[in-house]
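Spelled out, the chains give:
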Amino acid sequence: MPSYGLFPRLLADVGGTNVRFALEREPMRLDPVVTLKVADFPSLEAAARHYLSSVGEAPRHAAIGLANPVTRDMVKLTNHSWAFSVEGMRCAMGLDTLLAINDFTALALALPYLPAQGLAQIRPGQAQPSTPSVLIGPGTGLGVSGLIPGRAGAPAVALAGEGGHIEVMPETDDEWVAWHAAQREFGHVSAERLLSGAGLSLIHGALAAPAAPLAPEAVTAGALERGDPLCQRSMRVFFGLLGSVAADVTLVLGARGGVYIGGGIVPRFVGALRDSPFCERFLAKGRMRAYLDALPVFVVTAAHPALLGLSVALSQAVSEQG
């Protein structure tokens, strides 16, 4: 366990739709999480100030996870209009530390600390110790990361990449229909175009054409509550492509430590994922089928797991500052 500095600390998980705030008063002990709508505030700083005024605290250290690349001081959300300078926000809020990392980097850091009851196993397998794990999760976008174990007691390293923007390869007729619809609209078809909330709606619209597409929540409700055949086909496309992309990322990283699915969509539909083509498509990689067949796959069902990863990352940053 990494060492910790002064408390309380502010943690914020920023998505394209919601921002979740919590105060960490002791190592990995979080106050109840408060969720705010991104659209209700002109900036992240405004949302943070609103939250801190409601709890009456002025922490000196903070960490934020963001659903987009964090490669320089200026940050703009991929799926919203918020943009800010990390250093500028740190100074404006009187913080000693403001750490900004990708939200799936934070979630990857949380994996070793998740309780067993916060994971739902989708397929059996044996994770190999001291090997990488892979993390993938559809939500407003498609997050991808990996956790690389440290050597000789060094902290694990969470990858900060943009794997959601890799190519996606359809297999079934319905998948090709959805892919072609995305290509007509966007040109380049990344995995995120289909494996996201907007992607689920796009899939449904492609299969329903010329009828209008349904919103993502209407597609899932139609498939799981009303037994609507078109919505069920849409979810089969979604889960099948997710299995294929998850396997691709697993092979790239050599992720013998296991496969984890997070994000804002799949953890709500664990039963539907089990009954879907996901597992078969995960294994359908030709000569690498046996390699993948040995790996366990889990869905992260723990509440607000990225906040735990932010706690780990902030602890490391504060320790390095001395």
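Keep in mind the model is a prediction, meaning the values are calculated, not measured. (Residues numbered from 1 in each chain as written. Predicted model: local features only at pLDDT ≥ 70, side-chain atom pairs only at ≥ 80, totals over all residues. Heavy atoms only, no water.)

A.B. asks: Can you lay out the overall build of the chain for me, pointing to particular residues and giving the numbers?
C.D. replies: A tally of regular secondary structure across the chain gives 12 helices and 14 strands. By the compact-globule yardstick of 20 Å for 322 residues, the chain fits well, its C-alpha radius of gyration being 20 Å. Dimensions of the chain, computed from the C-alpha atoms along their principal axes, are close to 55 × 45 × 35 Å. Taking the intrachain contacts of the chain between residues at least 6 apart in sequence as the baseline, contacts between residues at least 24 apart amount to 68%. Within the structure as shown, the chain displays about 14100 Å² of accessible surface, and the carbon and sulfur contribution to it stands at 54%. Computed over 24 positive and 27 negative side-chain charges, the inter-centroid distance for the chain is 3 Å. (Helix = DSSP H or I, 4+ residues; strand = E, 2+ residues; numbered from the N terminus. Rg over C-alpha atoms; globule rule 2.2 N^0.38 Å. Contact = heavy atoms within 4.5 Å. Areas by Shrake-Rupley, 256 points an atom, 1.4 Å probe, with all protein chains shown as cover. Lys, Arg positive; Asp, Glu negative; His and termini not counted. Charge placed at Lys NZ, Arg CZ, Asp CG, Glu CD.)

A.B. asks: Talk me through the layout of surface pockets; I want residue IDs and the actual numbers.
C.D. replies: Computed from the structure, the largest pocket encloses a volume of approximately 1100 Å³. Taken together, 49 residues line the largest pocket, and the ones lying closest to its centre are Pro138, Gly139, Thr140, Gly263 and Gly264. Mapped onto the lining of the largest pocket, the elements with two or more residues apiece are β1 (9-14), β2 (18-26), α3 (103-110), β10 (133-138), β11 (142-148), α6 (197-208), α7 (216-224) and α12 (305-321). Forming the boundary of the second largest pocket are 13 residues, of which Phe186, Glu192, Arg193, Ser196 and Ala198 lie nearest the centre. (1 Å grid on protein atoms, 1.4 Å probe; cavity = no way out; pocket = protein on both sides within 12 Å on 5 of 7 lines; lining within 4 Å. Points joined across faces, edges and corners; volume = space filled by probe spheres on them.)

A.B. asks: Quick rundown of the confidence of the model for the chain? Include the residues and the values.
C.D. replies: In this model, the chain carries a mean pLDDT of 93, and residues with pLDDT of at least 70 account for 98%. The low-confidence segment residues 1-5 (pLDDT under 50) makes 15 contacts with residues lying over four places distant or belonging to another chain. (pLDDT = per-residue confidence, 0-100.)

A.B. asks: Tell me about α12, residues and numbers included.
C.D. replies: For α12, spanning 17 residues, the distance from its first C-alpha to its last is 25 Å, which sits close to the expected 24 Å at 1.5 Å a residue. α12 sits mainly inside the fold: 13 of its 17 residues count as buried. (Expected span 1.5 Å × (residues − 1). Buried < 20%, exposed > 50% of the residue type's maximum accessible area, 1.4 Å probe, protein only.)

A.B. asks: Got a sec to walk through empty space enclosed by the protein? Specific residues and values, please.
C.D. replies: Empty space left among the atoms is revealed by rolling a probe the size of a water molecule over them. Taken as a whole and assessed by the stated rule, the structure comprises one cavity of 30 Å³ or more. Leu10, Phe21, Ala48, Ala62, Ile64, Met89, Met93, Leu95 and Leu98 together form the lining of the largest cavity.

A.B. asks: Outline the nonpolar core, listing residues and values.
C.D. replies: Membership of the largest hydrophobic core comes to 50 residues, with the highest contact counts inside it found for Leu194, Phe239, Ile261, Phe278 and Phe282. The greatest single-element share of this core, amounting to 11 residues, is contributed by helix α8 (residues 229-253). Contact partners of leucine 194, with chain neighbours within four places excluded, come to Val168, Ala178, Trp179, Ala182, Val189, Gly199, Leu200, Leu202, Ile203, Phe238 and Leu241. Residues Val14, Tyr51, Leu52 and Phe84 belong to the second largest nonpolar core, which totals 27 residues. (Core = buried A, V, L, I, M, F, W, Y, C linked by side-chain atoms within 4.5 Å.)

A.B. asks: An account of the pattern of salt bridges is needed here, citing residue identities and associated values.
C.D. replies: In this structure the tally under the stated criterion is 12 salt bridges. Residues glutamate 45 and arginine 49 are paired through a salt bridge, measuring 2.9 Å at the closest nitrogen-oxygen approach. Of this pair, glutamate 45 and arginine 49 both sit in helix α1 (residues 44-55), four residues apart, which is roughly one turn of that helix. The class of glutamate 45 is partly exposed, set by a relative accessible area of 24%. Classification of arginine 49 as partly exposed rests on a relative accessible area of 40%. For lysine 285, the salt bridge identified is with aspartate 248, shortest N-O distance 2.7 Å. Placement of the pair is lysine 285 in the loop between α10 (278-283) and α11 (289-293) and aspartate 248 in helix α8, with a sequence separation of 37 residues. With a relative accessible area of 29%, aspartate 248 lands in the partly exposed category. A single salt-bridge network, built from bridges that share partners, covers Arg25, Asp31 and Glu57. (Salt bridge = Lys/Arg side-chain N within 4 Å of Asp/Glu carboxyl O.)

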